[in-house]
Every structure is written in C-alpha cells, then in structure tokens.
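Residue strings, one per chain:
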Amino acid sequence: MIGFFIALISGALMSVQGVFNTQVTKSSTIWVANAFVQCTALLVCLGVWLVSDRSSLAAVFKVEPKYMLLGGAIGAFITYTVIKSMDMLGPARAVMLIVVAQLIVAYVIEMLGLFGVEKQPLEWRKVIGMAVAIAGIVIFKWK
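Residues numbered from 1 in each chain as written. Predicted model: local features only at pLDDT ≥ 70, side-chain atom pairs only at ≥ 80, totals over all residues. Heavy atoms only, no water.

A. Up close: the packing of aromatic side chains. A complete count under the given rule lists four aromatic pairs for this structure. Between Trp-31 and Phe-77, the aromatic rings sit 5.9 Å apart at their centres with planes inclined by 80 degrees, giving edge-to-face as the arrangement. Note that Trp-31 is positioned in helix α2 (residues 30-53) and Phe-77 in helix α3 (residues 71-89), a separation of 46 residues in sequence. Where Tyr-67 meets Phe-115, the ring centres are 6.2 Å apart and the plane angle is 65 degrees; that geometry is what we call edge-to-face. Remark: Phe-115 occurs in the loop between α4 (91-112) and α5 (124-141) and Tyr-67 occurs in the loop between α2 and α3; sequence separation between them is 48 residues. (Phe/Tyr/Trp six-rings, centres within 6.5 Å; stacked < 30°, edge-to-face > 60°. Helix = DSSP H or I, 4+ residues; strand = E, 2+ residues; numbered from the N terminus.)

B. Structural view of the packing of α4 against α5. Following both chains from N to C, one finds α4 and α5 inclined at 165 degrees, their axes separated by 10 Å at the closest point. As judged from the angle between their axes, α4 and α5 are roughly antiparallel. The interaxial crossing formed by α4 with α5 has left-handed handedness. Counted together, Ala-92, Arg-93, Met-96, Leu-97, Val-100, Leu-103, Ile-104, Tyr-107 and Glu-110 of α4 and Lys-126, Val-127, Met-130, Ala-133, Ile-134, Ile-137, Phe-140 and Lys-141 of α5 form the full contact between these two elements. In the contact of α4 with α5, the residues fall into 13 nonpolar, no polar and four charged. (Axes fitted to C-alpha atoms, helices over the stretch in contact; angles between N-to-C directions. Parallel < 35°, antiparallel > 145°, perpendicular 65-115°, else oblique. Left-handed = near helix turned anticlockwise from the far one by under 90°. Contact = heavy atoms within 4.5 Å. Nonpolar A, V, L, I, M, F, W, Y, C, P; charged D, E, K, R; others polar.)

C. Spatial organisation of the state of the cysteines. This structure, assessed with the given rule, holds zero disulfides. Take Cys-39: it sits in no disulfide, and the sulfur closest to it among the cysteines is that of Cys-45, at 12 Å. We classify Cys-45 as exposed; its relative accessible area is 52%. (Disulfide = S-S within 2.5 Å. Buried < 20%, exposed > 50% of the residue type's maximum accessible area, 1.4 Å probe, protein only.)

Pasting the structure below:
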C-alpha cells in the first residue's frame, strides 16, 4: 500500500516539476534550465546522502552492466522532453501522453525481460487497460 502512495506522489511531483521547469525555460534556455534542474537535483541528493546514508560513492561503479549508469544522462533528456511537451501541448495533454508512453514501454520491457527485469507473459487485460488509457487521451483531446 505504501508503494501505491509513493507512486501517486511521484506522479504529482513529476507534473509540478514539469510546470516549474517549463516556466524556468521562459527566463533562460531549455538547456540552461535543464542544467540547473540537474545541478539542484545533484545538490539535494548529496545533501541527503551526507545526512542519512554515507555509504561509499564508489560502490555505484560496481554496477553491471555498465550501461545501467546512463540513467542520469537519460534524465537530462527526460527533463528536456517534458519541458518541450508541456510548452507545446500544455501540462494535462503532455502528462497524459507521457504516462501512456511510460506504461507501454514499461510493459514491453516486462514482456521481453529487458535490462534484467524478470520476463512476464502477455496479459490481455493489461493490453485492454492500455487501450482504455489511449481512448481516454482521445476523449480528453476531443473538442
């Protein structure tokens, strides 16, 4: 149940962050805003690490396969695409499309067992659920 609430908080924070970042971009450029976002995230993470964890920073480099370390670089492009989509589509439309894309890609990763995730079988109820989500986007966008 806690995981459910954490996921809801995550979704809410992502929406708020996207709006904030889009507004920051209006005073600078998208890559300057993106760099600022990533730098402030680094500072917060280092601060929390200093207060709560203090495990070895070098341990992160023991991860295998090494391409898993690209999450931060992917994060920079996530920030960019969220800012651009919110600017071009508005927060509600952008977030709906982002969430459906996340859902579809996550399910494909599970079905194919990519990136070390345990492979899951195709379940038609999940496919129908995604189709309903896509239908929701069409209805939401319909004028």
